[in-house]
Amino acid sequence: MSPEKKHSEKRPNKCTLCNKNFSFKLGLVRHQLIHSGEKPYKCTTCEKSFNRSESLRQHEASHSGLRPYICSKCGKTFISKQHLSQHEKYHSKVKTHQCSECDKAFFFRKSLLNHHRVHTGERPHKCTECNKSFAAKGTFMRHQKVHTGEKRYKCTECDKAFHVNDLLQRHQAHHTGLRPHKCTECEKAFLTKHQLWQHHNTHTGEKLYKCSECSKAFSTKSILKCHQARHTGLRPFQCSQCDKAFSEKGQLTWHQIIHSDEKSYKCTECDKAFFRKQQLIVHCRIHTGEKPYKCMQCEDKAYRSQGQLTRHQKLHSGVKPHKCSECEKAFIDKAYLLIHQRIHTGEKPYKCSECDKAFIKNRALIEHKRTHSGEKPYPCTECDKAFTTKSHLTIHHRCHTGVKPYKCTECKKAFSTSGYLKLHKKIHTREIGEKR
């Protein structure tokens, strides 16, 4: 039996507009004020009004700054006894509300009801402005502030303001550098508890968010949304600067930074700068040599970013779902297919500003530009040589290590590059031709 059904049996007073159930008639009467829009309880300090006297009292405490209810365990203060009681449940660590669909448990019944909608897909809270719907009322109320433009949470360090306190706290962490939510499995730390929870799923392998079109499941809701866009083809968020479109507003905002020309994250080791902090962190690992993302199936492979590791791991599966319509080639990643298709179309969108050369991928243009600048960012640690590309450094490094990974299947010879192996194989094909 679902939590909603158990819930309704104990609460006989039903709202005819939204099917919610209440134990007492008074609770139903109070609830119906939400549908009527009536808010009889007005704040004397500001223009806000509320449909419940308790909500008004809690709001007024935000003006006075009074938080008289103190937690005896951690010293946190609260504006109401109810908020303190809810907080104290976290210290008890007893989660009495168990989900019947999975092994998750919660401190509060309301949290269980909201969670259960992950399994049912129910999203009862609908925005009248943009038709978006939400599983939890709190998420819905935060969303509505986007339309009103209200931003009452102001940063004390700069002039930025936010419509919810969570966003302010997240923003202020950029000033303080604090990341209070630490993972117990690894050394990573996060700005918010939600980010930590999502990250923790990478350790447990838990994938709660299932696609209704196929059998795939994902660890976060945002990744599921990106995946579902492949089925529907819907990308409603269009960039005004270029022809790119996205399935989520957050992706568009992330993309638009590229058009701003502002690369505020600068490397202290070289003259490179980046749009995003994460890009800088990954780049800095070139200088430090750090490769924290290790492949569990290979013994020696490690990568600077999670994305690089994920792409590499697809090689082990052997699955290449992205097939070229012009030839028989297939690829593990859609991005690789798009680059390959330019061989057939002849498209070379990446043009050099110094000469008339053009390239099918951005990486090739970056490497080509070094022939003009003379930059050789990949130095050998064994000798004084330096190289324009990492691949050239890797090949050169084999002179020192003696590693020859490319083995001939016809004889026992091995080579340091695939090019040398190909040249060598011609000897065998020539021998076969002469025998015939």
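Chains are numbered independently. Their residues run from 1 in the order of the written sequence. The model is predicted, so local features are restricted to residues of pLDDT at least 70 and side-chain atom pairs to those at 80 or more, both for listing and for counting; the totals for chains, interfaces and linings are taken over all residues. Remark: hydrogens and water are excluded; side-chain values derive from all non-hydrogen atoms of the structure.

Side note on the side chain of His283
Numbering of helices and strands starts at the N terminus; helices are DSSP runs of H or I of at least 4 residues and strands are runs of E of at least 2. Among the secondary structure elements, His283 is positioned in helix 11 (residues 277–288). Throughout, a contact is declared for two residues whenever any of their heavy atoms are within 4.5 Å. Apart from residues no more than four positions distant in its own chain, His283 is found in contact with Cys267, Cys270, Lys272 and Phe274.

Overview of helix 5 (residues 109–120)
Taking 1.5 Å of rise per residue, 12 residues should cover 16 Å, and helix 5 covers 17 Å from first to last C-alpha, within 8% of that figure. Relative accessibility thresholds used throughout: buried, under 20% of the residue-type maximum; exposed, over 50%; partly exposed, between the two (1.4 Å probe, protein chains only). For helix 5, every residue scored as buried is listed here: Leu112, Leu113, His115, His116 and Arg117. Remark: Gly121 follows helix 5 within two positions and exhibits a positive phi of approximately 80°. Multiplying 1.5 Å by the helix residue count minus one yields the expected span of that helix.

Comments concerning a positive patch on the surface
Judged by side-chain charge, Lys20, Arg30, Arg52, Lys110 and Lys137 come together as a positively charged surface patch. Within the element layout of this structure, Lys20 appears in the loop between strand 1 (13–14) and strand 2 (21–22). Under the relative-accessibility criterion, Lys20 is labelled partly exposed at 38%. The patches described consist of residues with a relative accessible area above 30% and no salt bridge, like charges being joined within 9 Å and nonpolar side chains (Val, Leu, Ile, Met, Phe, Trp, Tyr) within 5 Å. Calculation of accessible area relied on Shrake-Rupley with a 1.4 Å probe; when residues are assessed, cover is drawn exclusively from the protein chains displayed. Any Lys or Arg side-chain nitrogen located within 4 Å of an Asp or Glu carboxyl oxygen qualifies as a salt bridge. We score Asp and Glu as negative and Lys and Arg as positive, and we do not count His or the chain ends. A charge is said to be at NZ when it belongs to Lys, at CZ for Arg, at CG for Asp and at CD for Glu.

A short note on the side chain of His59
For His59, the location among the structural elements is in helix 3 (residues 53–64). When its relative accessible area of 9% is taken as the criterion, His59 is described as buried. Beyond its immediate sequence surroundings of up to four residues, His59 is in contact with Cys43, Cys46, Lys48 and Phe50.

Quick notes on the packing of aromatic side chains
Centre distance and the angle of the planes are the two values used to describe a pair of aromatic rings. Each Phe, Tyr or Trp ring, with Trp reduced to its six-membered ring, pairs with another whose centre is within 6.5 Å; inter-plane angles below 30 degrees give stacked pairs, above 60 give edge-to-face pairs, and intermediate values give tilted ones. Following the criterion strictly, the structure yields 2 aromatic pairs and no others. Centroid distance Phe107 to Phe108: 6.4 Å. Interplanar angle 55°. Geometry classified as tilted. Classification of Phe108 as buried rests on a relative accessible area of 15%. When the centroid spacing of 6.3 Å and the interplanar angle of 40° are considered together, the rings of Phe134 and Phe140 count as tilted. By relative accessible area, which is 13% here, Phe140 ends up buried.

Some words on unusual backbone geometry
One non-glycine residue, Asn131, adopts positive backbone phi at about 70°. Checked against the element boundaries, Asn131 lands in the loop between strand 9 (125–126) and strand 10 (133–134). Residue classification places Asn131 among the exposed positions, given a relative accessible area of 56%.

Observations concerning the environment of Lys93
When you line up the elements, Lys93 lands in the loop between helix 4 (81–92) and strand 7 (97–98). By relative accessible area, Lys93 is classed as exposed at 69%. Between the C-alpha atoms of Lys93 and Phe107, which are 14 residues apart in sequence, the distance is 8.0 Å.

Here's the deal with a nonpolar patch on the surface
Side chains of Phe24, Leu26 and Val29 sit close together on the surface and give an oily, nonpolar patch of about 340 Å² of accessible area. Secondary-structure assignment places Val29 in helix 2 (residues 25–36). Since its relative accessible area comes to 44%, Val29 is described here as partly exposed.

Points about the pattern of salt bridges
Counted under the stated rule, the structure contains 6 salt bridges. Its salt-bridge partner being Arg117, residue Glu122 comes within 3.6 Å of it at the nearest N-O pair. Residue Glu122 is classed as partly exposed on the basis of its relative accessible area of 34%. As a salt-bridge pair, Lys314 and Asp333 come within 3.4 Å of each other at their nearest N and O atoms.

A short note on the confidence of the model for the protein chain
On a range of 0 to 100, pLDDT expresses the predictor's confidence in each residue. In the predicted model, the protein chain carries a mean pLDDT of 82, and 96% of its residues have values of at least 70. Mean pLDDT values over the elements of the protein chain span from 54, in helix 1 (residues 3–10), up to 92, in strand 26 (residues 358–359).

Structural notes on the environment of Gln82
Summarising the element assignment, Gln82 is placed in helix 4. Relative accessible area serves as the criterion here: at 45%, Gln82 is assigned to the partly exposed category. Sequence separation of Gln82 and Tyr69 is 13 residues, and the distance between their C-alpha atoms is 9.4 Å.

Some points on helix 7 (residues 165–176)
Counted at 1.5 Å a residue, the expected span for helix 7 with its 12 residues is 16 Å, and the 16 Å between its end C-alpha atoms agrees. Packing partners of the buried residues in helix 7 comprise strand 11 (153–154) and strand 12 (161–162). Gly177, located one to two residues past helix 7, shows a positive phi value of around 80°.

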